[in-house]
Amino acid sequence: MKANPRDVLTGVHYIDGDVAAGYGVLAAGCKFVAGYPITPSTEAAETFARVAPKGNAMFIQMEDELASISAVIGASFAGVKSMTITSGPGYTLMMEAIGFGAMLETPFVLLNIQRGGPSTGVPTKTGQADMMQSRWGSHGDYEIIAISPDSPQELFDYTIKAFNLAEMYRCPVMIMSDECVGHMTEKVVIPPAEEIELEPRRLYNGPPGEYLPFKPDGDFIPKMVKAGAGYNLYISGHVHDERGYPVTNEEFKSVYLRRLVDKIRRNKDKIIELKEENTDDAEVIVVSYGISSRVAVRGIEKAREKGIKIGNLRLVTVWPFPDEKIIDLAKTTKAFVVPEINYGQIAFEVERCCHGRANVVLVPHSGAGVHNPDDIYDAIVFAAKEKKKIEGIVEYKTKLEKLVFEGGFKLKE
Amino acid sequence: MAEIRFAGYGGQGIIKSGIIAGKAASIYDNKFSTMSQSFGPEARGGACSSQLVVSESKVLYPYVTKSDVLVAMSQEGYNKFESELSEEGILLIDEDLVKHKPPRGKIKIYSIPTTRFAEQLGRKIVSNVVMLGFFTAVTNIVSYEAMKKALPGSVPEKALDLNMKAFEKGYEYGKQKVKIK
């Protein structure tokens, strides 16, 4: 299915990431956004609210984040593509309903423009510390998809892709961006509508009396109907049978949950998107995502100039995690360097997949800013020189941290 | 590649300057550019800055590390970002608002009374566009034609004529200054 020309602001724009995401939401055919605007994602919500009437779509500012995400799930079952837009504290408030949405196999998209945490943290500045929360934030076993764009253009492109993935796999899809990308202004090319491929809702069209809302198709994924269109639709957060009715026995739970996780796990190859450069014969590979992948480039270039064989692996898709890729690279490379704007989240995933075959060096950053590229370079040099296998993860101390720990550090106003 | 820092106080159109120059470079000069802005309480009345990286190829690292050009529209902006300017860099100042120290290394200083010119043109608010004209003439990072194309759509429709005049004023003044140097 092609995008509707009415929804696509075709042309060359010079806009920030938040605005690009807002345009992407409209182009993706989303008809309903409910949210509680929060810095630094506000401009994305504002942009969509401004252009929504053009696409016969709706933005509602709800009373809070709990209501926002619940409205999004309701709208999705009513048959329209829907999403919410938030950041740190709002994301936390949405966690319960995200699990509910995953349990009900609800296609929806959530845009998180990450800011410095924890709690209200640093509202106007960046962070990448919600990555694990996006995977494990709600209770119980479930799988989601998370994408991490690194430019305004990607915020447009991957917003559309996020909607497509949500429809394909009937699951919540998180766009885990950050304040730097959200508030970065660059050229964004929006193609004509006929060049934008959209995934339509996979609707059941058999006799109403025979519809079973959770009867999987051949590909693990049940067809949907529009609530209120004459089908019997019972949905509940309880483990349920194919009719949607609560079931408590072990066999049923096993069958249902297996499918809930396997519909993502068994399709990992189709879902995961990576950007890989010079990893084949690299002695050190930098693994990064979002804004950190652009900051890392400075360190990588400098290391290459110094003769270090350096590879670059950018995780466009962060969840499901590309285990197989890391397992594979760990067989040939000496070490991985993982810069991220947190005190270690994805670095531990990399370490898990290494099975001790390669060293893993975490370059942490507290947030409210990006890495000094020299810190990433220094960590690369350290990783390239280190001859012995180090058990566990190496947490690299940045220049700023060394200063703090070695004394003589004065806080600047 | 050129790294540019625009600095001033909130309300002077510092962010807008970055957007217009960046738009001109990446859309009308077919180069690549990334503009980032300081965000936060400081953007309301206090110190405010935007950073622009212009390059012939895709901008990977998007921030200013050593600026090639510092455009200072306030004393505070100059004080804060002077040390970031490269020793071969170019410093552009509003001469009525900024007092500068003797230049380090080979730094070239170009001064212009942007706010005064803007007031003479009728509205102080276009001082940033006077400065953009001056910036265009002095630095050659973004072409004159591209800047002229970037103005419509970036400024309010009804103020477009005034902005064009402001741009020309700064540009002409800049051309003169470059000739004298």
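Some words on the domain arrangement of chain A
All names here are of chain A.
In step 1: Partitioning chain A into domains gives domain 1 (5-195) and domain 2 (274-406).
In step 2: Distance between the C-alpha centres of domain 1 and domain 2: 28 Å.
In step 3: The partner domain 2 presents 21 residues to the 23 residues of domain 1 that form the contact.
In step 4: When contributions to the side of domain 1 that touches domain 2 are tallied by element, the ones reaching two or more residues are β6 (122-126), α5 (131-136), β7 (145-147), β8 (172-178) and α7 (179-182).

What to know about the packing of helix α1 (residues 14-28) of chain B against helix α4 (residues 127-139) of chain B
Residues and elements named next belong to chain B.
In step 1: Relative to each other, α1 and α4 sit at 40°, their axes nearing to 9 Å. One finds that α1 runs oblique with respect to α4. Crossing angle aside, the handedness with which α1 passes α4 is right-handed. For the pair α1 and α4, contact is made by I14, K16, S17, I20 and A21 and by N128, M131 and L132, respectively.

Describing the sheet that holds strand β2 (residues 32-37) of chain B
Backbone hydrogen bonds hold the strands of a sheet together, and the pairing may be parallel or antiparallel.
In step 1: Sheet architecture is open: 8 strands sit in the order β1(A)-β9(A)-β2(B)-β3(B)-β1(B)-β4(B)-β5(B)-β6(B), paired in mixed fashion. Unpaired on one side and paired on the other, β1 (11-16) of chain A together with β6 (108-112) of chain B mark the two borders of the sheet. Each strand axis lies, on average, 20° off the axis of its neighbour in the sheet, ignoring direction.

Quick notes on unusual backbone geometry
Residues and elements named next belong to chain A.
In step 1: The linkage connecting T39 with the following residue, P40, adopts the cis geometry, with an omega of 5°.
In step 2: With respect to the secondary-structure elements, P40 resides in the loop between β2 (32-35) and α2 (42-51).
In step 3: Omega for the peptide link from G117 to P118 comes to -5°, which places this bond in the cis form.
In step 4: The backbone of N56 shows a phi angle near 55°, a positive value even though the residue is not glycine.
In step 5: Turning to its location among the elements, N56 is positioned in the loop between α2 and β3 (58-61).
In step 6: Unlike most non-glycine residues, R170 shows phi in positive territory, near 45°.
In step 7: Inspection of the secondary structure assignment puts R170 in the loop between α6 (152-169) and β8.

A short note on the sheet that holds strand β10 (residues 274-277) of chain A
All names here are of chain A.
In step 1: Ordered in space as β10-β12-β11-β14-β15-β16, the 6 strands form an open sheet in which the pairing is mixed. The strands lining the two open edges of the sheet, one partner per strand, are β10 and β16 (393-395). Adjacent strand axes in the sheet meet at a mean angle of 20°, parallel and antiparallel pairs treated alike.
In step 2: Pairing geometry for strand β11 (residues 284-288) and strand β12 (residues 310-315), over 5 bridges, is parallel. Across the sheet, S288 pairs through a bridge with R314, a residue of β12.

Some remarks on the nonpolar core
In step 1: Counting residues in each nonpolar core, the largest one holds 167 residues, and the members touching the most others are V337(A), V71(B) and L92(B).
In step 2: If one sorts the elements of this core by residue count, α6(A) sits on top with 9 residues.
In step 3: If sequence neighbours within four positions are ignored, V71(B) has contacts with I4(B), R5(B), F6(B), A7(B), L92(B), M131(B) and F135(B).

Quick notes on the rules
- Residues numbered from 1 in each chain as written.
- Chains lettered and ligands numbered in written order.
- Predicted model: local features only at pLDDT ≥ 70, side-chain atom pairs only at ≥ 80, totals over all residues.
- Domains from an automatic or database assignment.
- Contact = placed C-beta atoms within 7 Å.
- Helix = DSSP H or I, 4+ residues; strand = E, 2+ residues; numbered from the N terminus.
- Axes fitted to C-alpha atoms, helices over the stretch in contact; angles between N-to-C directions.
- Parallel < 35°, antiparallel > 145°, perpendicular 65-115°, else oblique.
- Left-handed = near helix turned anticlockwise from the far one by under 90°.
- Pairing = 2+ DSSP bridges.
- Core = buried A, V, L, I, M, F, W, Y, C linked by C-beta atoms within 7 Å.
- Buried ≥ 20, exposed ≤ 12 C-beta atoms within 10 Å, placed from the backbone.

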